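Coordinates in review
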Amino acid sequence: MAETTVTIASPGGVRVRPASRIAQEAKGYASDILFQVDGKEASAKSLFSLQTLEMSHGKEILIVATGDDEQTAVEAMAKLVESVVL
C-alpha cells in the first residue's frame, strides 16, 4: 500500500472536467486507487464516485493505492491533483 496527502490549490477546486481527467488516468493503473476527503472515500477510477467528494480549494486529499504499480499510481495522481488549475 502506498499513500500520500495533497492539498487542493485550485481556487475552483476539482470540478467535473478535472475529475474526469483524474478518473481517466487512474484507469491506466492496475492498482486500486482511492481518494479520501473529510472521512468520505471514492474510487479514483469512477467519475461518479469522485463527484461525491467535496474537493474544494484548501481541502486535503489522502490518495491510497494498493497493487502492483501502487507507488507510481499515487505519485501520478498527486501530480495530477496538484496541477489542476481552474
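These lines cover the structure that appears in this document, whether it is placed above or below. From a predicted model like this one, the values you see are computed outputs, not experimental measurements.

Regarding the overall build of the protein chain
If you tally the helices and strands in the protein chain, you get three helices and four strands. N-terminal to C-terminal, the α/β element order of the protein chain is β-α-β-β-α-β-α. Radius of gyration (C-alpha) of the protein chain: 11 Å, near the 12 Å computed for a compact globule of 86 residues. Based on the C-alpha atoms only, the size of the protein chain along its principal axes is roughly 35 × 20 × 20 Å. Split into buried and exposed, the 86 residues of the protein chain put 43% on the buried side. If you sum the accessible surface of the protein chain, you get close to 4,800 Å²; carbon and sulfur atoms cover 49% of it. One finds the centroid of the 8 positive side-chain charges in the protein chain at a distance of 12 Å from the centroid of its 12 negative side-chain charges.

Structural notes on the sheet that holds strand β2 (residues 32–37)
Strands pair in a sheet through their backbones, by hydrogen bonds, and they do so in one of two ways: parallel or antiparallel. One open sheet holds the four strands; their spatial order is β1-β4-β2-β3, and the pairing between them is antiparallel. Every other strand in the sheet has two partners, leaving β1 (2–7) and β3 (40–43) as the edge strands with one partner each. Along the sheet, successive strands turn relative to each other by an average axial angle of 25 degrees, direction set aside. With four bridges connecting them, β2 and β3 associate as antiparallel partners. Within the sheet, the bridge partner assigned to L34 lies in β3 and is S43.

Focus: the environment of A23
Position of A23 relative to the elements: it lies in helix α1 (residues 16–26). Spatially, the C-alpha atom of A23 lies 5.6 Å from that of S46, the residues being 23 residues apart in sequence. Among all residues touching A23, those that are not within four sequence positions of it are A44, K45, S46, L47 and L50.

The rules behind these values
- Position numbers for residues start from 1 in each chain and track the written sequence from start to end.
- At least 70 in pLDDT is required for a residue's local features to be given in this predicted model, at least 80 for side-chain atom pairs to be given and counted, and no such filter applies to totals for whole chains, interfaces and linings, which use all residues.
- Just so you know, side-chain values use all the structure's heavy atoms and leave hydrogens and water out.
- A run of H or I in DSSP becomes a helix once it reaches four residues, and a run of E becomes a strand once it reaches two; helices and strands are each numbered from the N terminus.
- Only the C-alpha atoms count toward the radius of gyration. The rule for a globule is 2.2 Å times the residue count to the power 0.38.
- When a residue's accessible area, from a 1.4 Å probe over protein chains only, is under 20% of the maximum for its type it is buried; when over 50% it is exposed; and in between it is partly exposed.
- Values of accessible area rely on a 1.4 Å probe in the Shrake-Rupley scheme; residue burial ignores everything except the protein chains shown.
- Positive charges come from Lys and Arg alone, negative charges from Asp and Glu alone, with His and the N- and C-terminal ends not counted.
- In this description, the location of a charge corresponds to atom NZ of lysine, CZ of arginine, CG of aspartate or CD of glutamate.
- Each pair of strands is called paired provided DSSP finds at least two bridges between the two strands.
- The convention used is that axes are lines fitted to C-alpha atoms, helices contributing only their stretch in contact, and that angles between N-to-C directions extend from 0 to 180 degrees.
- Any two residues having at least one pair of non-hydrogen atoms within 4.5 Å are treated as being in contact.

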